[in-house]
Structures are given as structure tokens and as C-alpha cells.
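What follows is the residue order along each chain.
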Amino acid sequence: MCGIVGYTGNRKAGPVLIEGLKKLEYRGYDSAGVALHDNGRLIVTKAAGSVAELEKSLNEHHKEVTAGIGHTRWATHGPPTDLNAHPHSSASGEIVVVHNGIIENYRTLRKRLTEEAGFKFKSETDSEVLAHLIEYCYEGDLLAAVRRAMSEIEGSYALVAASSREPDRLVCARKDSPLIIGYGEGENYVASDIPALLAHTRRTCVMDDGEFAVLTPEKIEIYNKDGQMLDKDILEITWNLEAAEKGGYDHFMLKEIMEQPAAVRETLRQRIKRDSGLVELGELDLTTEQILKLDQIYIIACGTAYHAGLIGKMAIEKLAGIPVEVDVASEFRYRDPLLEPNQLAIVISQSGETADTLAGLRMAHTKGLKVLAITNVVGSTVSREADRVMYTWAGPEIAVASTKAYVTQLVALYLVAIYLGQTRGTLEPEKAGALVDGLLALPEQLTQVLSEDNIATIRAYCEHLSRWDNAFFIGRNLDYPVAMEGALKLKEISYIHAEACAAGELKHGPLALVEEGMPVIALATQEAILDKTLSNIQVVNARGGAVFAVTREDFEDVSWQVESIFSLPVVCDTLAPVLGVVPTQLIAYYAAVARGCSVDKPRNLAKSVTVE
Ligand code: F6R
């Protein structure tokens, strides 16, 4: 997804912008560019391809200037070409902009600006219209021009603009797309994400929707939509840059898989009362009466977060006795769900910026529902728009494929389910205690799951799997959503087509695809229905499928029925997904490595999906 960096100060802006853009590469992009203030001119250098290539093509002289803006683009309107890359310039070249988001009324504006002002457009993007519109509104003050231009915009934007007539001055605007200001000494920064700022400053301020900011080397001024200057809080970033780097692993994804024990520990921290062993979720901020009255919960999310929601549904229904519907966010909005004000919506989003999830959140709000956000990113749009926020505290997740964020989302959902069950009296104290003990044991058990021996087992199976173009993931009950997550991860990073199938459904059609040697990953962690899963595995065996079973170490019957086995420590059925998903993540990872795929940045995908 697109990234923005802006700098104004006393150092060479070129290298600052390039380094900042490199820190945002993890977001996924297909072209990059910078615009630098140079003696009353704005010099734009941009091209399809990588930031490293952009760096090579930057003219040495232009690297000396001390203010500029940079961008990495992930194509939406128009293919990834040099012309479609940002920054975009106005007709005269006096205004340049970088933009994240979507301008919904760009066609109307483009027509008007062409007819009224005779402006000629060079790109196919929606963003270019911003540069022309700001020029059209410009009467000697860039802030005033940006304000006037934004009042005509329908859509979302994180925007940074510069005018050749106002050297050293950057003007920023935000609506529905993140933008963060960084405070320096005699220099100031703006970026769409914190990693781009961390090498320079930890003092930041997250812009809110409708706000404008003006940056010069000496000062930062932030205004609300009515033009009043604001005195905003400074957010001190406590995590360091190393946390966002690979830490010795070949890929961010593997590093993040290995971080799961620590991440789960963080999610649990301070949410279990030491004395009583009960779950304590102050952040839910619901009275007992409100919890007792809850008669329906909607969970809204996309992709991996949606898969976490499916497990959350089963846990909440079982432990708290509240009916739960889980919706893919992009469908939720268009199916007219029967929303009532006494219901609760839970939105799950690692990034907290996913456009569809955000739209679901807003729809729930318009119908009067309280919204709880489960997210990993502090200050994200989802976290700021929800009524209540439960952070997963997984630390920055850089690989496009979500791993530790998913596992911590599961743990957060279990905490919610137990808390609601405790409060409603549907969960007996002994059972709640056993589940809490189970949760507290997870970090240690995850460490066991990630042992070298286990990884060797996975690598051996992946030698076989990586030669196939199709695979099945099967499972029953809570293992089924884990199978869905395993299949998504495998196709996402190894490009092997993978399908998840409820194990009992195989015989109703998908079994026709099973042939000699076909990889079938069977999740068999649910004690209550183990026999049923075993019969489904036998059906695959009988057709020659190469079954890799993920099961519990004490389920002895499984081992003699399958080709490869991955044994998990003993865990109750309810919590088993937290352990069971890990071998599926490793399978995806090692299959992708064996196939020489770009693990951390799979083709066509982006980390933060801020378009619908
Ligand atoms: C897959 C993956 C995606 C995200 C989805 C939602 O590995 O990461 O499916 O889960 O794009 O993103 P968030 O959680 O940021 O809303």
C-alpha cells in the first residue's frame, strides 16, 4: 500500500526521503518518487520499480536540497508506470503532491479543471487531480489552497503538498488515511507510518480526520477543519527500529512466527487478575447490565482477521452463550444485516486501516451499535473510531502474511469470550479457571511447537508439497477455520492453490480432486470429534493422498494412519487453534522458500489495504 514521507530542515532531504521510503517498503508498492525544493523549483524524480532504483536515478545536485516529499505507490487507478507514480505536479509545475487514499469524484473534477482552466492531465491516477485543483485554488498561500481544494474532495486522503513559491514549507491534510507528524530540532517530518520516522525522532503526533498541518524547519502548526490552531498531544514512541527489522532471520515472516510466544504473553499481560485468576478487561468498559442484555454480537473483519473472527464466534457462543455472526467486512455493508442498538460489533484488524473493516465499523455506528476494536496498531483509524479498543500488543508486523497478529487476535477473542462468560454466569468458575490456566500455558507451548525438530518435520514435508500446485486443508469444528487460515497462508505466499474443506464435506464433492500423492494437511486437534476426523483422513488415505496431520501428542491413533505427523502439546479443544495454526504457517513459509517466492512481499498483495 502507498507510503508517504516528507522532510523540511537543514539536512540533505534526498537521503532522508529515500531512507524513509525504504522503511515503508514492507507496505507493498510498485513505483516510487520524490520531489525536492530547489531554488524556487520543484524537481520531481519518479519511476516504476524499487526505491533502490529511484535512489540511483537521483541527481547528485538535487540530493543537496533540504526539503521535499516522497512516495511509494501501490497501483489502484492506472497501472504501475512512471507517469502514474507520485509525486504528481500541477500544470505549471509549481505545486506537487503525494497522496494515499482514493479521490472518488476525480472524474468530475478532472473534467471541470480541463474545461475551466485548460489543464492537461498526464497520468491515469485519481491523485493527479489534487495537484491541479490545489494550483487552481492557489492565491499565494499553500495552506489556504489545500483547504479550499480539500473542501471539494469526496473520498479519502493522506496528502502532503509543496509549492515552489514557498520553499521549506509542507502542507498536510488527512481524511481516512493515516498521517503522522514527526518533531525534530530545526527540522520536521511527516510520514504515513511510524517506521519512516524512527531513525530521526520518537516525538510524533497522529493527525486526525479533517486536520491540516503546516511544517517548516522551525515549527509545526496543526489546524482543525474550521481553521483553528490546535495544541495536540505528542505521542512518544517507545518501540525501537530493530523491532521492525528482521533480527537475524531470513524473512520478517519467520521472525514474526518465532515471536509468537512473546506476542501472546504481551496480549495476556495485565488482563488476568493475579489474586482471583479471573479475566479483567477494563478496556471493554461495559457494565454488567449491558453485558447481560447483549443478545447478538457481530464480528466484522477481512482475510486472516476474519478467520480469527470465526474462532471467536465459536468461543463466545460456547462460553458466553451469545449468538455471534461473523462477516467478511466487504460483504457486511451490502447485505442489510439486522442491526439493533443493544448489540455489540467487534471489528478485528491488525493494521487498523483496512478500508472495508472501517466501513463496517462506521455502518455499525450509524445503527447505534457500540463497537469494540481488536487491533495491533496504536493510533490507527479503527482504534480511534471504535468506542472501545483492545490492543493485541503483538509488536509491528512487517511481512504481508499475518502470523503473530492472527494468533494474538485469537487470544484477545478468548479473553473476551471468557470475560463475557464470567460476567453472564454462563461459565462456571472452575471452567473459567482451567481456560485461564490454558491461556497462560500457551507461550511456553508455542515455544515447544517452534522447536528445531518440529521445523525439520515441516521442511521435510514441504519438499513434497512444494512440487504440487494444489493442496487441501481439512478439519472439523474449531479445526475448520484453522484449515481456512492455513489454506489462505499457503496460497498467499507460495502461490500453491489451496482449498480448505470441512473434513466431513470432502465426500460431497472435493474428494474427486484427491489423487496419488496430493498434499492434504489434516487438522486433528479436537478430542471431542477425533474419531470423525480420523475417518475423513482414512478416506483421503484410501485415494493415495499424502496426509500431513497436525494433532496432539497424546492422540496415538493418528500416527499410524498418516504419512507425516506434527504433534502439539496437550491443549484443550477450545484453545487448540492457537497451537494448531503454527505448523500451517510454517508449512506456508517453507513451501514458499522452496519455490523461491518473495515471502515477505507476495505478488499483488499489500500489508495495509486502505482501498475497498
Ligand atoms: C493474510 C492477511 C490479510 C489480512 C487482511 C486484513 O495473511 O494478512 O488477509 O488479514 O488484509 O488486514 P487487517 O487485519 O490489517 O485489517
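None of these values were measured; they are calculated from a predicted model.

**Here's the deal with the side chain of Thr 216**
By the element assignment, Thr 216 lies in the loop between β12 (212-215) and β13 (220-223). According to the relative accessible area criterion, Thr 216 is buried, its value standing at 18%. Sequence-distant contacts of Thr 216, defined by excluding residues within four places in its chain, comprise Thr 8, Asp 168, Arg 169 and Asn 188.

**Let's talk about the environment of Gly 395**
Looking at the element boundaries, Gly 395 is found in the loop between β20 (388-391) and α13 (404-424). Sequence-distant contacts of Gly 395, defined by excluding residues within four places in its chain, comprise Asn 376 and Lys 404.

**Focus: the packing of helix α9 (residues 303-320) against helix α16 (residues 479-494)**
Close contact between α9 and α16 brings their axes to 9 Å; oriented N to C, the two are set at 170 degrees. With respect to each other, α9 and α16 are oriented roughly antiparallel. Residues Gly 303, Thr 304, His 307, Leu 310, Ile 311 and Met 314 of α9 form the contact with α16, whose own contacting residues are Pro 481, Val 482, Met 484, Glu 485, Leu 488 and Lys 489. Among the residues making up the contact of α9 with α16, the classes are represented as 7 nonpolar, 3 polar and 2 charged.

**A few points about the nonpolar core**
Formed by 123 residues in total, the largest nonpolar core has its most connected members in Ile 297, Ile 316, Ile 346, Leu 420 and Leu 490. The biggest single contributor to this core is α13, with 13 residues. Once residues lying within four places of it in the same chain are set aside, the contact partners of Ile 316 are Ile 297, Ile 299, Gly 321, Ile 322, Val 324, Ile 346, Val 416, Ala 417 and Leu 420. Within the second largest apolar cluster, 30 residues are counted, among which are Ile 95, Tyr 106, Leu 143 and Val 214.

**What about the packing of α9 against α13?**
Relative to each other, α9 and α13 sit at 20 degrees, their axes nearing to 9 Å. The orientation of α9 with respect to α13, classified from their angle, is roughly parallel. Read as a crossing pair, α9 and α13 show a hand that is right-handed. Here α9 contributes Thr 304, Ala 305, His 307, Ala 308, Gly 309, Ile 311, Gly 312, Ala 315, Ile 316, Leu 319 and Ala 320 to the contact with α13, which in turn contributes Tyr 406, Gln 409, Leu 410, Leu 413, Tyr 414, Val 416, Ala 417, Ile 418, Leu 420, Gly 421 and Arg 424. Counted by class, the contact of α9 with α13 contains 15 nonpolar, 6 polar and 1 charged residues.

**A closer look at the pattern of salt bridges**
Pairing of side chains with opposite charge becomes possible as their charged atoms draw close. Per the counting criterion, the structure on display carries 32 salt bridges. Here Arg 552 ties to Asp 554 by a salt bridge, and the two come within 2.8 Å at their closest N and O atoms. Residue classification places Arg 552 among the buried positions, given a relative accessible area of 5%. Relative accessible area serves as the criterion here: at 34%, Asp 554 is assigned to the partly exposed category.

**Details of the site of the ligand**
If you check the shell around the ligand, you find 13 residues, and the closest are Ser 349, Gln 350, Ser 351, Thr 354 and Glu 492. Within the side chain of Glu 492, a nitrogen or oxygen atom sits 2.8 Å from an oxygen atom of the ligand. Relative to its free-state accessible area of 410 Å², the ligand is covered by the protein chains to the extent of 89%. Among the secondary structure elements, those contributing two or more residues to the shell around the ligand are α9 and α16. Ranked by residue count, the leading element in the shell around the ligand is α9, at 3 residues.

**A closer look at the domain arrangement of the protein chain**
In terms of domains, the protein chain is made up of domain 1 (2-243), domain 2 (246-449) and domain 3 (451-612). For domain 2 versus domain 3, the separation of C-alpha centres amounts to 24 Å. Domain 2 puts 45 residues into the contact, and the matching count from domain 3 is 44 residues. For the pairing of domain 2 and domain 3, the buried interface totals around 3,700 Å² over both sides, and the portion due to carbon and sulfur atoms is 66%. Our count for the domain 2 to domain 3 interface comes out at 0 salt bridges. The tally of links between domain 2 and domain 3 comes to 16 residue pairs in polar contact (both at pLDDT 80 or more). Where the side of domain 2 that touches domain 3 is concerned, the elements lending two or more residues are α6 (252-258), α9, α11 (355-366), α13 and α14 (429-449). In terms of residue count, α14 provides more of the side of domain 2 that touches domain 3 than any other element does, 9 residues in total.

**Quick notes on the environment of Ala 500**
Note that Ala 500 resides in strand β22 (residues 497-502). Setting aside anything within four residues of it in sequence, one finds Ala 500 in contact with Phe 473, Tyr 480, Ala 483, Met 484 and Ala 487.

**Digging into the sheet that holds strand β4 (residues 67-73)**
Taken in spatial order, the 8 strands line up as β3-β2-β4-β1-β10-β9-β11-β15 in an open sheet, and their pairing is antiparallel. Of all strands in the sheet, those with a lone pairing partner are β3 (41-48) and β15 (235-236), marking the two edges. Bridging between strand β9 (residues 180-183) and strand β10 (residues 188-191) involves 4 bridges; their strand directions are antiparallel. Each bridged residue has a counterpart across the sheet, and for Gly 182 the counterpart in β10 is Tyr 189.

**Quick notes on the pairing of strand β23 (residues 519-524)**
Of all 6 residues in β23, 6 are buried, a share of seventy percent or more. Residue alternation in β23 divides its side chains into two sets, Pro 519, Ile 521 and Leu 523 and Val 520, Ala 522 and Ala 524, and both sets are buried. Bridge count for strand β21 (residues 470-475) against β23 is 3 bridges, and the pairing is parallel. Pairing of Phe 473 across the sheet is with Ile 521, part of β23. Bridge count between β23 and strand β24 (residues 546-552): 6 bridges; the pairing is parallel. Following the sheet pairing, Ala 522 is matched in β24 by Ala 549. With respect to chirality, the unit in which β23 leads through helix α17 (residues 530-542) into the neighbouring parallel β24 is right-handed.

**Let's talk about helix α5 (residues 142-150)**
Listing the buried residues of α5 in full gives Leu 142, Leu 143, Ala 145, Val 146, Ala 149 and Met 150. For α5, the buried positions fall inside an angular range of 165 degrees around the axis, keeping them on one side. Turning to α5, the residues buried within the fold contact β6 (95-100), α4 (128-137), β7 (157-163), β8 (170-175), β12 and β13. The N-cap of α5, judged by a side-chain oxygen 3.1 Å from the amide nitrogen of Leu 143 a few residues on, is Asp 141.

**Considerations on the sheet that holds strand β16 (residues 297-301)**
In spatial order, the strands read β17-β16-β18-β19-β20; together these 5 strands make up an open sheet with parallel pairing. In this open sheet, the two edge strands, each paired with only one partner strand, are β17 (324-328) and β20. Strand-to-strand twist of the sheet, defined as the mean angle between neighbouring strand axes without regard to direction, takes the value 20 degrees. Of the strand pairs in this sheet, β16 and β17 are connected by 5 bridges, and their pairing is parallel. Each bridged residue has a counterpart across the sheet, and for Ile 297 the counterpart in β17 is Val 324. α11 rests against β16, β18 (344-349) and β19 (370-375) of the sheet, and its axis sits at about 165 degrees to β18.

Conventions adopted
- Residues numbered from 1 in each chain as written.
- Predicted model: local features only at pLDDT ≥ 70, side-chain atom pairs only at ≥ 80, totals over all residues.
- Heavy atoms only, no water.
- Helix = DSSP H or I, 4+ residues; strand = E, 2+ residues; numbered from the N terminus.
- Buried < 20%, exposed > 50% of the residue type's maximum accessible area, 1.4 Å probe, protein only.
- Contact = heavy atoms within 4.5 Å.
- Axes fitted to C-alpha atoms, helices over the stretch in contact; angles between N-to-C directions.
- Parallel < 35°, antiparallel > 145°, perpendicular 65-115°, else oblique.
- Nonpolar A, V, L, I, M, F, W, Y, C, P; charged D, E, K, R; others polar.
- Core = buried A, V, L, I, M, F, W, Y, C linked by side-chain atoms within 4.5 Å.
- Left-handed = near helix turned anticlockwise from the far one by under 90°.
- Salt bridge = Lys/Arg side-chain N within 4 Å of Asp/Glu carboxyl O.
- Near = heavy atom within 4 Å.
- Polar contact = N/O pair within 3.5 Å; in protein donor to acceptor, adjacent residues only side chain to side chain.
- Areas by Shrake-Rupley, 256 points an atom, 1.4 Å probe, with all protein chains shown as cover.
- Domains from an automatic or database assignment.
- Buried area = accessible area lost by both parts, 1.4 Å probe.
- Pairing = 2+ DSSP bridges.
- Right-handed = clockwise from strand over helix to strand, strands pointing away.
- Arc of directions from axis to C-beta.

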